[in-house]
Amino acid sequence: MAAVTGAHLISNRLNAAQVLAAAQTELLELLGDPSVKKVIVWDPDLIQPMTIIAEATFIRKGGVTKMVRLPVTGLTERYEDASEFIFLVRPTLTIVDMVAEAIRTSKKKMEKRFTVAFTPHKVEYCVAKLRDLGLEHGSRSPVQFYINEYHLDILPLDSDVLSLDIPTAFKDLYVDQDPSPVYETARAIGKLQALFGVIPKIYGKGKNAKLVAELLKNVQGELERTQSKTGRQEAANIDSLILLDRSVDMVTPLSSQLTYEGLIDETYGIKYTVAKFPRHMFSEEVLKRGGESTGPFPVKLDSDDSMFSAMRDLNFRAVGVFLSDKAKEISAQFESRHDAKTVTQLKSFVEKLPHMQDAKFNLSKHTTIAELVKAVTDNDDFLSLIHTEQDLREEDYSDKPHPYIEKLLGNASHHPIEKVLKLICLQSSASNGLRARLLEQYKREVLHAYGYQHLNTLLQLEKAGLVRARSQEEKGGLLRAQETRGFPALRKQLQLVAHGNVVDDRNPSPSSMTYLFSGYAPLSVRLVEVLSRKQGFAAFEEVFLFALLFLCLSVLQLF
């Protein structure tokens, strides 16, 4: 596999490769003396995000001779030549039990050093659990044991996407009332300011966005004092920070995306910039360059792939035209070899050949992916889903069940519960709540169709505010943009819905945000546009935006 260089993270707005470099430096510091032979024991959930930070060749620079994953037993017997075992894990009690078991089952442990490095940071209940299990930081009996931290609190996924990688953030905040994600966010933005300078202007919308902004004031004060003492003053590379609480806009993540990248995520899933597809659908040339020889075919999707970068935000109906134009362009480039008459012209063609071959490879790869996605989008059920979402966003369905949702419930064995619940949540969010009678009807039908084991799921959805009765008072759930107005009023005021049927529009205009979804301009984006105009920004595209979206597209973690 290629080394992680971070070249695709560099843009004319912000050099996100600096975030990657800082994470790599801290990783080498954690590993310590490279002459000491080490074994890294991974938390399985950390393996994929860590491939974004460093490949195996880089990690071996720190003296790592072997990498294994939890659960594991008999470490010292398996790897007798290693002097140190480093457990790189998330702070959960389940993982702590696995770590303790791995150490307990190692026989020659007195001769070895064991270190637990929690990421993004250690938490007291995990430290206490380790202590109860006889593993205390700094102890030398029964084993040499140490607790450390690896602050992987920002994951640079792309030049314009930095993730905190907290998959439970929404549930933590709105169901469990745990404010930890707020502090994690403030800590991460503090790290960005240490790298890129203090951000002079901060704007936000929503309760949690306000809490983050207040915490940032303290962080900025400490940072400025530190810079004053050291004499090192970072110039402000980020002019403005915009914080958006996920509760401000629940309609957008509950709607199906219609861009090329969005539909890949909807149909096959994108995790840490990688999507996996059926292997047999790709050409031999693509498979040969793809690496792994068995299982689903992994494809990395980020701006390192220039073709993907150009088409990722296109409405899917424009993708076919884009690929056709690219095919003609690449064919013309190869045909130009016949026009090369002189040595200079031949040399120029040969120099361009590697780039042309890469373009041909990417064209084949993305043509296959587009065909796979098209097989889903051409399905009548998918089109019915998109039309239903349009209906729910454009009309008031607060007091009547939608026919398509009723159809799904009547044929539950062929449709996953997540699909039904997502539509009910969208209906509730877009209509500013459901009539109590309709909500009870939906509850009964869901439990009857899918079983009473899902009662707790419905309760959690209500607690989070994703579904609610109009008469219900808010008790710790989502904060509505305006209690008396809600989405229906904002839909008109901010012109969130386009006229006409965008689903059937073969040439959606990329100048309008409505091409991202079916006839819907995301409320979150409209709010940023309004704020940009209000604050006098030269152009929305020129402003660096750090959007605080506590949910992104992972609402269904509650189900």
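Refer to the structure presented above.
Residues numbered from 1 in each chain as written. Predicted model: local features only at pLDDT ≥ 70, side-chain atom pairs only at ≥ 80, totals over all residues. Heavy atoms only, no water.

## A closer look at the environment of Glu389
Heads up, the rule is: A helix here means a DSSP run of H or I that spans at least four residues, while a strand means a run of E at least two residues long, and both kinds are numbered starting from the N terminus. Note on contacts: a residue pair is in contact if any heavy atoms of the two residues lie within 4.5 Å. Side-chain atoms alone can form a polar contact between residues adjacent in sequence; in general such a contact is a pair of N or O atoms within 3.5 Å, and within protein one must be able to donate a hydrogen while the other accepts it.
Within the secondary structure, Glu389 sits in helix α15 (residues 380–394). Distance from Glu389 to Leu423, taken between C-alpha atoms, is 7.4 Å for residues 34 residues apart in sequence. If we ignore the near neighbours within four places in the chain, the residues touching Glu389 are Leu254, Ser255, Ser256, Leu423 and Leu426. A polar side-chain atom of Glu389 sits 2.7 Å from a polar atom in the side chain of Ser256.

## Observations concerning the nonpolar core
Operational definition: Among the buried residues, those of types Ala, Val, Leu, Ile, Met, Phe, Trp, Tyr and Cys that are joined through side-chain atoms within 4.5 Å form a nonpolar core. Relative accessibility thresholds used throughout: buried, under 20% of the residue-type maximum; exposed, over 50%; partly exposed, between the two (1.4 Å probe, protein chains only).
Grouped together as the largest cluster of nonpolar side chains are 88 residues, with contacts concentrated most on Leu27, Ile53, Tyr150 and Val446. Looking at which element gives the most residues to this core, the answer is helix α17 (residues 417–430), with eight residues. The residues contacting Leu27, other than those within four sequence positions of it, are Met50, Ala54, Phe58, Ile59 and Tyr150. Ranked by size, the runner-up nonpolar core spans 30 residues in total, among them Ile264, Phe277, Phe282 and Phe322.

## Focus: the pairing of strand β9 (residues 240–244)
As a general feature of sheets, a regular strand has side chains that alternate between the two faces. Counted residue by residue, β9 has five buried out of five residues, so it is predominantly covered. Covered by surrounding structure in β9 are Ser240, Ile242 and Leu244 together with Leu241 and Leu243, the residues of both alternating faces.

## Considerations on the packing of helix α10 (residues 260–267) against helix α14 (residues 343–377)
The condition is simple: Lines fitted to C-alpha atoms define the axes, with helix axes restricted to the stretch in contact, and inter-axis angles between N-to-C directions lie between 0 and 180 degrees. Rotating anticlockwise by less than a right angle from the far helix to the near helix defines a left-handed crossing, while the corresponding clockwise rotation defines a right-handed one. Residues are grouped as follows: nonpolar covers Ala, Val, Leu, Ile, Met, Phe, Trp, Tyr, Cys and Pro; charged covers Asp, Glu, Lys and Arg; every other residue, Gly included, is treated as polar.
Remark: α10 packs on α14, axes separated minimally by 10 Å, with the N-to-C direction vectors making an angle of 65°. In this structure, α10 crosses over α14, and the sense of that crossing is left-handed. Two secondary-structure elements touch here, α10 through Tyr260, Leu263, Ile264 and Thr267 and α14 through His366, Ile369, Ala370, Val373, Val376 and Thr377. A breakdown of the residues in the contact of α10 with α14 according to their chemical character gives seven nonpolar, three polar and no charged.

## Considerations on the sheet that holds strand β4 (residues 113–118)
Quick note on the threshold: Pairing between strands requires that DSSP locate at least two bridges from one strand to the other.
The parallel open sheet is built from five strands, whose spatial order is β2-β1-β3-β4-β5. Edge positions in the open sheet fall to β2 (64–69) and β5 (144–149), since each of these has one partner strand only. Put simply, the sheet's adjacent strands are angled 20° from each other on average, direction ignored. In this structure, β4 lies alongside β5, joined through six bridges in parallel fashion. Bridging from a neighbouring strand, Phe118 pairs with Glu149 of β5. Seen against the sheet, helix α5 (residues 93–104) touches β3 (84–89), β4 and β5 and runs at an angle of roughly 165° to β3.

## Thoughts on the packing of aromatic side chains
Using the following cut-off: In this scheme Phe, Tyr and Trp rings, the latter by its six-membered ring, pair at centre separations within 6.5 Å, and the angle between planes marks the pair as stacked below 30 degrees, edge-to-face above 60, and tilted otherwise. Charges are assigned to positions over rings by a cutoff of 6 Å between ring centre and Lys NZ or Arg CZ, combined with an angular limit of 35 degrees from the ring normal.
Counted by the stated rule, this structure contains six aromatic pairs. Considering the side-chain rings of Tyr260 and Phe308, the 6.2 Å spacing of their centres and the 55° angle between planes classify their relative orientation as tilted. Within this pair, whereas Tyr260 is found in helix α10, its partner Phe308 is found in helix α12 (residues 306–311), the two being separated by 48 residues in sequence. Residues Tyr260 and Phe308 agree in their burial class; the two are buried. Taken together, the ring pairs connect Tyr268, Phe277, Phe282 and Phe297 into an aromatic cluster. Positioned above the aromatic ring of Phe361 is the side chain of Arg289, whose terminal nitrogen or guanidinium carbon lies 4.0 Å from the ring centre. The lysine or arginine in question, Lys360, covers the ring of Phe334, its NZ or CZ lying 5.8 Å from the ring centre.

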